[in-house]
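Architecture and fold: a report
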Amino acid sequence: ISRLCFHHDGDWLAVGSANQVSLCDPVAGTIMRRLPAVGDRPCMTSGHGDHLLVKDQLVIGDDESLISYDPKTGKELVRFLGHDGPVRTVSLHPNGMSMASGGADKSVRVWDTGEGSQSYCFETGRRVTVVAFSPQHQLAMGFSNAQIMISDMREPRK
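Right, let's walk through the structure included here. (Residues numbered from 1 in each chain as written. Predicted model: local features only at pLDDT ≥ 70, side-chain atom pairs only at ≥ 80, totals over all residues. Heavy atoms only, no water.)

The next thing to look at is the side chain of Arg109. Residue position: Arg109 is located in strand S11 (residues 107–112). According to the relative accessible area criterion, Arg109 is buried, its value standing at 8%. Here Gly82 takes part through its backbone oxygen, which lies 3.2 Å from a polar atom of the side chain of Arg109. For Arg109, the side chain forms a polar contact with the side chain of Ser107, separated by 3.1 Å. Each residue touching Arg109, except ones within four places of it in the same chain, is listed here: Gly82, His83, Asp84, Met99, Ala100, Ser101, Gln118, Tyr120, Cys121 and Glu123. (Helix = DSSP H or I, 4+ residues; strand = E, 2+ residues; numbered from the N terminus. Buried < 20%, exposed > 50% of the residue type's maximum accessible area, 1.4 Å probe, protein only. Polar contact = N/O pair within 3.5 Å; in protein donor to acceptor, adjacent residues only side chain to side chain. Contact = heavy atoms within 4.5 Å.)

Below, the structure is given as structure tokens:
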């Protein structure tokens, strides 16, 4: 098991392992559904709050893409394409309208969660191990060389 992610209401727990994500009932301890994932360490994020676009979705990152699923049906909703290597981290913005991903291709990409379109790409020159949004529109990026960079997402990008 490489990753865990709870649904915002606690309805399910996503368990990431090699080549799959299992949605489990945390009370009964049973597997409700299995979703595909490519690679050894799929990363995941789940919608929180009341934003209708993402509150009941599970986004799984794997070997070069992010895929949003409806956890109730297992249906693929949106595919986010653009990374050139394994996606290692994904974080949903608190407003639910965007998310960031990073990985072995040494880039951080910011996505529109509804359309699946990419709004920004940061070429970092370092493998990205973790990304996180603040409620104040800052994006923190952590790298394999133990450095951190913070970017204000309200500033226009070049």
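Read on, since the account is not over.
For the rest of this paragraph, the subject is the pattern of salt bridges. Throughout the structure, instances matching the rule amount to two salt bridges. Across the pair Arg79 and Glu76 runs a salt bridge, and its minimum N-O distance is 2.9 Å. Judged by relative accessible area, which is 40%, Arg79 ranks as partly exposed. On the accessibility criterion, Glu76 (36% relative accessible area) is partly exposed. A salt bridge links Asp105 to Arg109; the nearest nitrogen and oxygen atoms lie 3.7 Å apart. Of the two residues, Asp105 and Arg109, both sit in the buried class. (Salt bridge = Lys/Arg side-chain N within 4 Å of Asp/Glu carboxyl O.)

Structural measurements only, silent on function.
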